[in-house]
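# Structure assessment
The residues making up each chain are set out below.
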Amino acid sequence: MESVVIGINFGSTNSSIAVLAPNGHFNVIANADGERMIPSVVGFSGDEEFSGTQALQQAVRNPKNTLEGFRKLIGKKFEEVKVSSDVTHPDMVSKDGVPAYKVNFKDQEHIFTVPEVVTKLLQHVHEEAEAYLGAKVTGAVLAVPTYFTEHQREVLSQSAAAAGINVLQIIQEPVAAALAYNFGQAPVKGDAQDKTALILDMGASSFDVTVLSARSGIYTILETAHDEALGGAAFTEQLVQLVAQEFKKKTKVDVIGNKRALLKIATAAEITKKQLSRSPMAPCSVESVAEGLDYHGSINRLRFELASTKLFAKCNELIEHILEKAELTAGAIDEIILVGGATRMPKFQSRLRDIFPETTMRLEQESDEAITVGCAAQASLIAGFDKEDIVASTKENITVTPHTVKPIGVVGSNDEFITIIPNHTPLPAKRVFEFGQAAAGQQEVYFALYEGEQDPLPPKKEKVEKVDIGSDDEEEEEEDELPAKPTFHKTTLLAEVVLKELPAGAKAGELKIEATVQVDVTGKTTITLREKKSGKQVRAESA
Amino acid sequence: MVMDFLLPSPPKSWSADKTSAFHAKITAPVNASIQPAGRHFLAHARRHIHSRTFSEDEKATNEAEAAAKAANGTAQDDSDLGDEPEDPAMLRRDPKDWKDQDQYAVLGLSALRYKATEDQIRRAHRRKVLRHHPDKKAASGGLHDDGFFKCIQKAFETLMDPVKRRQWDSVDPAVSDSVPNAKSKGDFYKLYAPVFLRESRFSNTQPVPQLGNAESSQEEVESFYDFWYKFDSWRTFEWMDKEDGEGHDSRDDKRYFEKKNKAERAKLKKEDNQRLREIVDLALSIDPRIKIFKEQANKQRNAKKREKEEAEKKAAEEAAAAAIAAEAAAKAAEESEKAAREDGKKNKELLKRAVRKEKKNLKALIKDNNYFLPAGQTPGPVEVEKQLELLDALLDGAKGLDQLEAVRKTLEDGVKSGNIAEIFKAEVAKRS
């Protein structure tokens, strides 16, 4: 049977599906309504049960029986969940300690636990995928946020299984995003890539920041943090406040406290916010906000940004905090990967440039879809394996491995330290480098391996926190100095190796000497020097 | 990764004899979780599970890749047909002379010739048609010249018809018919193997045993020559027929040509058989293996002969030795017999002498002891005579030296004890 594997991003607000297309690209597939983003919403209305786009459409009419935002409740106990039962939220009850929704369905009261609701949504997603592909889906990879516990992952896996999905693997969201950008994934063979990325995932309801290192293509999460108060919804809320103020100014009707009115404004503001990411001005119109009065206006991007200054500042704070925790300077970050719709906001990106003036930002993937694509990429990688093998490969005996603490490298002519194996490299590690010989006619070369240490971070300048930021020009003045790339100095001489009897008569740098440095799990080091032309080589192994 | 870094000479303090020195271990690594995603992680897991090193893993994956490639490699391509240039002279040929054209060259198969499979011919034909089809030529602005296309069709027809293909293969001028020169120097196998391989194509029985090499066994070599001397060839020479049998109005003409052609064919066939025979003869005559086998056979025969001779010689020698030994033994036996006889005589005499001496002793004993009469009795001549007679009887009764000695002892004891008369009487009574 041909294997058809998909990647599913089950987001807290939206879900999406991606699949490897025959042309080698990953396609995010559209559902029956033509939407690439399937709202993570389940609704019950009358005799019918809805999921996805249709469920969202009836949300305003039927808020009591429309379930959303249930992803973060997966695997939680009822006591842990803050219940907000009011007119616009469905009632929550406890069923054997598991949070459950009480809904009116077929004129009867029904209780659905969170895992059951998840199953309903995933079933819908699965059906959409099969309808689009016209084939049976044989397996899927899902992604979860880094803060999901083992128990939460287990519950998600069971819910997905109940939905008829063969879950191949559940991976971390930032890892999926990195995979989508092929971050640090060298071609199958060839040069190892040692890079560090900052992955910023701003979805609708949370802001996840992850520092991810790729060493020879193997990912390690160095540090991760998330803030549920930051997220697209928080920014929308700012817009809602703006509109509400404006509305009050225009009509003298106060809508604060009017949940229904605010919900209507929020739906319109969401669209306005997305438009503001593309154009400096966007209209916003809400019909019949309150007391039969409509709101028609337009919002300036600058005004929105000013209103959201505090939120943007908080984002940067979180990023700086995590860098500090990871003991990294901004210069040590090689790439920034932006995930989630809210990262499209121009201000968000320009504020990011305050910290990282020159770092590459990766956002060529549709930022909403990076995780989905990463899941599909992982799914297509492991499609051919037995499920037991996949499970076995994610066991701790393989995934927990020693990492180097300090960088290993060589010392150049003017005593600068050149890293060969950086810190945070999972062991065993192997690196191959090519050198020339220093002088003409030189017949012996000397290779010394050192361990290094990062130079102390430059003292942090006390930043004057500017709460009210004026024009963009002012900001540019701030970015005078570039954050330096971290430098290292040698500390310990680890080993010396000499390759003798090289072919005579070569010009300086003409001979190519290949140095292979291997470090195994115990820290045992093996160095091989090989002259490429003559094949002359020497191999040395530490005790 | 190429480093912009040059390796210096070793420092002066470096002692010349060592190649490496390790000074410190790296700072103890700490455990951390890696993320189980991406192909590099899969490689890591694979290495871990199979406990392979980097280079072992690389080798293993390369092998697996190569195997996968080989499995996929069955997909057909026309690389086996080669890409030979078309001779402009051939392109200008008149299709009427198709019989004289090189059927294989026309299809671009001159490298394969009789080895070409039906599938290869089909594909080659297709390729040529695609290039030389008159429609194609007309489309590209050329003249409406389908001469070569007709040649292609004729060649294809010929080669796809098994009978016609055999006829053509039989006379294919591009395949040499030559008989190797008997005097040509060089490796016999290299010289003759291709010849036999080439001739094999005419055999009705397949597969055809090949020349083999220096290691072939005698049996193989013999069966090889046996096969080739009985070679059953399908080679025909109909292609060389002077005129097509058809196209003659006159029956006589037709018959005449037919007869002539048949005779010609028979002649050619005979010549060809002769030629093949020559090749085999030649090969046999200079086959180094045959020489070796002959030598071996010779040696074996000689060895047997020598063995036989040796055996005979040995037998003769043994017989002579036995005769001598028998003679010696006979002599020795005779001598010992003689000695024994002489010894016996001597003994007898000695015995006789001893017996006589014993008898004498006894007679002396009887004389000295009052003729064994009871004490006080004076021996009168009668008693003496009587006692001596008794003694003689006793002596006659006691046969042999031992008994005489025993008698004497008894009597001597009797003399000592004084009751000799009674003992004598008892002894006489006992012995006589």
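Our structure's up above, just so we're on the same page.
A brief structural summary. Small disclaimer: the values here were computed from a predicted structure and weren't measured. (Residues numbered from 1 in each chain as written. Chains lettered and ligands numbered in written order. Predicted model: local features only at pLDDT ≥ 70, side-chain atom pairs only at ≥ 80, totals over all residues. Heavy atoms only, no water.)

### Looking at the side chain of Glu128(A)
Residue and element names in this part refer to chain A. Of note, Glu-128 is situated in helix α2 (residues 114-133). Despite its burial, Glu-128 remains without a salt bridge, the nearest opposite charge being carried by Arg-36 at 13 Å. Beyond its immediate sequence surroundings of up to four residues, Glu-128 is in contact with Ile-17, Asn-31, Ala-32 and Ile-38. (Helix = DSSP H or I, 4+ residues; strand = E, 2+ residues; numbered from the N terminus. Buried < 20%, exposed > 50% of the residue type's maximum accessible area, 1.4 Å probe, protein only. Lys, Arg positive; Asp, Glu negative; His and termini not counted. Salt bridge = Lys/Arg side-chain N within 4 Å of Asp/Glu carboxyl O. Contact = heavy atoms within 4.5 Å.)

### Some thoughts on the environment of Asp396(B)
With respect to the helices and strands, Asp396(B) occurs in helix α13 (residues 381-397). Taking the C-alpha atoms as reference, Asp396(B) lies 10.0 Å from Lys359(B); in sequence the two are 37 residues apart.

### Some words on the nonpolar core
All names here are of chain A. Leu-198, Leu-200, Phe-207, Phe-348 and Phe-356 are the most contacted members of the largest nonpolar core, which totals 53 residues. Broken down by element, the residue count for this core peaks at 8 residues, all from helix α5 (residues 232-251). Apart from the residues lying within four places of it in its own chain, the contact partners of Phe-207 are Leu-200, Asp-201, Met-202, Ala-225, His-226, Asp-227, Leu-230, Cys-315, Leu-318, Ile-319 and Phe-348. (Core = buried A, V, L, I, M, F, W, Y, C linked by side-chain atoms within 4.5 Å.)

### Re the packing of aromatic side chains
Under the definition given, this model contains 21 aromatic pairs over all chains. When the ring of Phe235(A) is compared with that of Phe312(A), the centres are 5.0 Å apart and the planes differ by 45°; the resulting orientation is tilted. Residue Phe235(A) is located in helix α5, and its partner Phe312(A) is located in helix α8 (residues 309-325); the two are separated by 77 residues in the primary sequence. Ring geometry for Trp228(B) against Phe231(B): centres 4.6 Å apart, planes inclined by 10°, an arrangement best described as stacked. (Phe/Tyr/Trp six-rings, centres within 6.5 Å; stacked < 30°, edge-to-face > 60°.)

### Section: a positive patch on the surface
Residue and element names in this part refer to chain B. A grouping of Lys-348, Lys-352, Arg-353 and Arg-356 is seen on the molecular surface, where their side chains present a positively charged patch. Note on placement: Lys-352 falls in helix α12 (residues 288-368). Judged by its relative accessible area of 54%, Lys-352 is exposed. (Patch = residues over 30% accessible without salt bridge, like charges linked within 9 Å, V, L, I, M, F, W, Y side chains within 5 Å. Areas by Shrake-Rupley, 256 points an atom, 1.4 Å probe, with all protein chains shown as cover. Charge placed at Lys NZ, Arg CZ, Asp CG, Glu CD.)

### Some points on the interface of chain B and chain A
Frequently, the measure chosen for interface size is the accessible area that the parts lose on association. Every contact between the two is made by 46 residues of chain B and, on the other side, 80 residues of chain A. Here chain B and chain A share an interface that buries about 5,500 Å² over both sides, 64% of which is from carbon and sulfur atoms. If you look at where chain B meets chain A, you find 0 salt bridges. At the surface where chain B touches chain A, the tally comes to 12 residue pairs in polar contact (both at pLDDT 80 or more). (Buried area = accessible area lost by both parts, 1.4 Å probe. Polar contact = N/O pair within 3.5 Å; in protein donor to acceptor, adjacent residues only side chain to side chain.)

### Some remarks on the pairing of strand β13 (residues 194-202) of chain A
Sheet faces and side chains relate simply in a regular strand, where the side chains alternate between the two faces. All names here are of chain A. Most of β13 is tucked away: 7 of the 9 residues are buried. Relative to strand β14 (residues 207-215), β13 runs antiparallel, the two being bridged by 9 bridges. Looking across to β14, one finds that Asp-201 is bridged to Asp-208. Between β13 and the antiparallel strand that follows it, β14, lie 4 residues. (Pairing = 2+ DSSP bridges.)

### Let's talk about unusual backbone geometry
Residue and element names in this part refer to chain A. The linkage connecting Leu-427 with the following residue, Pro-428, adopts the cis geometry, with an omega of -5°. By secondary structure assignment, the location of Pro-428 is in the loop between β22 (417-421) and β23 (429-437). Backbone geometry places Lys-252, a non-glycine residue, at a positive phi of 60°. Looking at the element boundaries, Lys-252 is found in the loop between α5 and α6 (259-278). Positive phi outside glycine occurs at Glu-327, with the angle close to 55°. Exposure remark for Glu-327: the relative accessible area of 59% places this residue in the exposed category.

### As for helix α14 (residues 400-417) of chain B
Side chains three or four residues apart in an α-helix point the same way, a direct result of the helix having 3.6 residues per turn. Residues and elements named next belong to chain B. Counted at 1.5 Å a residue, the expected span for α14 with its 18 residues is 26 Å, and the 26 Å between its end C-alpha atoms agrees. If you check which residues of α14 are buried, you get Leu-401, Leu-404, Val-407, Arg-408, Leu-411 and Gly-414. The buried residues of α14 occupy one face: seen down the axis, they fall within an arc of 145°. Turned more than 90 degrees off the buried face of α14, the exposed positions are Asp-402, Lys-409, Lys-416 and Ser-417. The first or second residue beyond α14 is Gly-418, which carries a positive phi of 90°. (Expected span 1.5 Å × (residues − 1). Arc of directions from axis to C-beta.)

Treat this as a map of the structure, not an account of what it does.
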